[in-house]
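# Architecture at a glance
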Amino acid sequence: MHGIDLHTHSNISDGTLSPSCLVDAAIACGIHTLALTDHDTMDGLETAIQQAQGHDIQIISGAEISSQWSRPNTKKAYGVHIVALNMQNPEPLLDALVIQKNIRAERAQQICQILQQCTGQDIYTDVLLKVEGEPDRITRTHIAKALVEKEIVARPQQAFDRFLKEGKRAYVKFDGLNLADTIRIIHESEGFAILAHPTRYDLSSTNVRYLIELFAKMGGDAVELPPSVDPVSTRQMIDRIIQQFDLKVSIGSDFHGENMPWIKLGHTPQPNPHQTGIWESFR
Ligand code: AMP
Ligand code: MN
Ligand code: MN
Ligand code: MN
């Protein structure tokens, strides 16, 4: 607990707290620097800033961008999440997010069509109800919840394991920004590009190292430290790569409210004394 949480979701995407409730919860648990990083949207930012007024908390603009990367001379594209933070000139990113949102809306329909073929049930209407009828806010978390409500699966995790994860029948790749363009657009927006949860992509350690190296060479700014529930050896591996490529670190809980009740707001890993926090660069 350091009073800093730079990776959180509201119900604008797949968190359960509204942006104002998220800010209230952050104030209540002693957070002084909070970034709202919903998936491919900054639509909660204004409400969060308003709610923070008169309180001892700084709201950092943010978004978690669905991006992709590949190894040279290979066709396979791996999904990766890039957290954009502290944009001083958000227009270029907002323009890119318009396209990302269209892709998200289209993909949700495709996923639901495949699920209809797999299960015989149409869940798209139920999914839309979860995002106030705004299809560009639909994430796989919403789809997983609808599958639970229809009793097609018992738990959201089962929805991912049976249908929604990469390699499963209803997996549809998010075919949006690539890594180089993501970093470039964040920098044009005068923000910082953070590689989110490097140990959560089901990559071999060779590929994790390759991804971080690629991210650094493309001008990426910081890497998120693994959560403290991860093995010490995982953290040590990430620490070594961060040091080798001279990157800064970011700390975020990836809070999703009741959608992931085991993740607590503000519970972020402790940086090592020689690591530089990206928040030290915030204006
Ligand atoms: P999307 O942006 O639509 O691909 O949805 C991504 C979100 O789904 C992530 O931010 C997580 O909240 C959730 N998610 C992804 N993979 C899993 C998984 N294997 N189990 C549970 N939740 C997951
Ligand atoms: Mn999420
Ligand atoms: Mn993510
Ligand atoms: Mn996230």
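Residues numbered from 1 in each chain as written. Chains lettered and ligands numbered in written order. Predicted model: local features only at pLDDT ≥ 70, side-chain atom pairs only at ≥ 80, totals over all residues. Heavy atoms only, no water.

### Some points on the pattern of salt bridges
This structure, assessed with the given rule, holds 15 salt bridges. Across the pair K173 and D175 runs a salt bridge whose closest N-O atoms are separated by 3.2 Å. With a relative accessible area of 36%, K173 lands in the partly exposed category. Salt bridges linked by common partners bring E132, E134 and R137 together as one network. (Salt bridge = Lys/Arg side-chain N within 4 Å of Asp/Glu carboxyl O. Buried < 20%, exposed > 50% of the residue type's maximum accessible area, 1.4 Å probe, protein only.)

### Some remarks on the coordination of the manganese ion (ligand 3)
Those protein atoms acting as donors to the manganese ion (ligand 3) are E64 (OE), H81 (ND1) and H197 (NE2), and they sit at 2.0 to 2.2 Å. Each donor residue of the manganese ion (ligand 3) lies on one chain, and together they are spaced E-x16-H-x115-H. A separation of 5.6 Å is found between the manganese ion (ligand 3) and the manganese ion (ligand 2). Taken together, the positions of E64 in strand β4 (residues 62–69) and H81 in strand β5 (residues 78–85) put the pair 17 residues apart, joining distant regions of the chain. What makes E64 buried here is its relative accessible area of 1%. (Donors = N, O, S within 2.8 Å, 3.2 Å for Na, K, Ca; no water. Helix = DSSP H or I, 4+ residues; strand = E, 2+ residues; numbered from the N terminus.)

### Remarks on the side chain of E64
Although E64 lies buried, it forms no salt bridge, and the closest oppositely charged side chain, R104, sits 7.9 Å away as judged by the N-O distance. Polar contacts involving the side chain of E64 include one to the side chain of H7, which spans 3.0 Å. A polar contact of 3.2 Å, which involves the side chain of E64, links it to the side chain of H197. Apart from residues lying up to four places away in sequence, E64 is in contact with H7, H9, T37, D38, H39, D40, H81, I82, V83, A196, H197 and D254. (Lys, Arg positive; Asp, Glu negative; His and termini not counted. Polar contact = N/O pair within 3.5 Å; in protein donor to acceptor, adjacent residues only side chain to side chain. Contact = heavy atoms within 4.5 Å.)

### Concerning the coordination of the manganese ion (ligand 4)
Protein-derived coordination of the manganese ion (ligand 4) comes from H7 (NE2), H9 (NE2), E64 (OE) and D254 (OD), at a distance range of 2.1 to 2.2 Å. Between the donor residues of the manganese ion (ligand 4), the gaps in sequence give the motif H-x1-H-x54-E-x189-D. A spacing of 4.5 Å is found between the manganese ion (ligand 4) and the manganese ion (ligand 2). Separated by 190 residues along the polypeptide, E64 in strand β4 and D254 in the segment after β8 (248–250) bring together distant segments of the chain. Comparing E64 with D254 shows no difference in burial state: the two are buried.

### Some details on the UniProt feature "domain: Polymerase/histidinol phosphatase N-terminal" (unreviewed entry) in the protein chain
UniProt annotation of "domain: Polymerase/histidinol phosphatase N-terminal" (unreviewed entry) refers to residues 4–69 when read in the numbering used here. Counting secondary structure, residues 4–69 comes out at 27% helix and 24% strand; the distance between its end C-alpha atoms is 29 Å. (UniProt positions renumbered as here; feature names shortened; annotations may be inferred.)

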